[in-house]
Amino acid sequence: MVKGRLESGFEFELDDNIFDDFELVELFAKVAKNPIFIGDLAEKMLGTEQKKALVEHLRDEKGKVRTSAMMNALSEIERAIPAVKN
C-alpha cells in the first residue's frame, strides 16, 4: 500500500499498483474530455469510503464541493504516487 497526505491534510492509502489499471487510465482520459466523470475517477482511485471522506474534506463553508477542488486533489494524489513519477 502507498500512503500519502495532501497539502490540505487529507490522508489517503492506495494500492501499490493503482496506476497499472486500464479502467483507471480510461477514466483519466474521460475526465480530460468531460469532467462529469470525475466522481467515477475518484471512486476508482480511492474506493468508496476514501472518496466519501475526500468529498467531506473538500466541502466548503457553504456545503459545496467544488469540481476544481476535487480535480486538484486527484491531481495531487497522482503526483504523489512514485509509479507515476517513473
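This text gives an overview of the structure that appears in the document. (Residues numbered from 1 in each chain as written. Predicted model: local features only at pLDDT ≥ 70, side-chain atom pairs only at ≥ 80, totals over all residues. Heavy atoms only, no water.)

Brief notes about helix α1 (residues 22-33)
For α1, with 12 residues, the first-to-last C-alpha span of 17 Å sits near the 16 Å given by 1.5 Å per residue. For α1, the full list of buried residues reads L24, L27 and V31. The arc that holds the buried residues of α1, viewed along the axis, is 55°, so those residues lie on one side. The outward face of α1, more than 90 degrees from its buried face, is lined by the exposed residues F22, A32 and K33. The inward-facing, buried residues of α1 abut α2 (38-58) and α3 (67-80). Between a side-chain oxygen at the N-terminus of α1 and the backbone nitrogen of E23 the separation is 2.9 Å; the capping residue is D21. (Helix = DSSP H or I, 4+ residues; strand = E, 2+ residues; numbered from the N terminus. Expected span 1.5 Å × (residues − 1). Buried < 20%, exposed > 50% of the residue type's maximum accessible area, 1.4 Å probe, protein only. Arc of directions from axis to C-beta. Contact = heavy atoms within 4.5 Å. Polar contact = N/O pair within 3.5 Å; in protein donor to acceptor, adjacent residues only side chain to side chain.)

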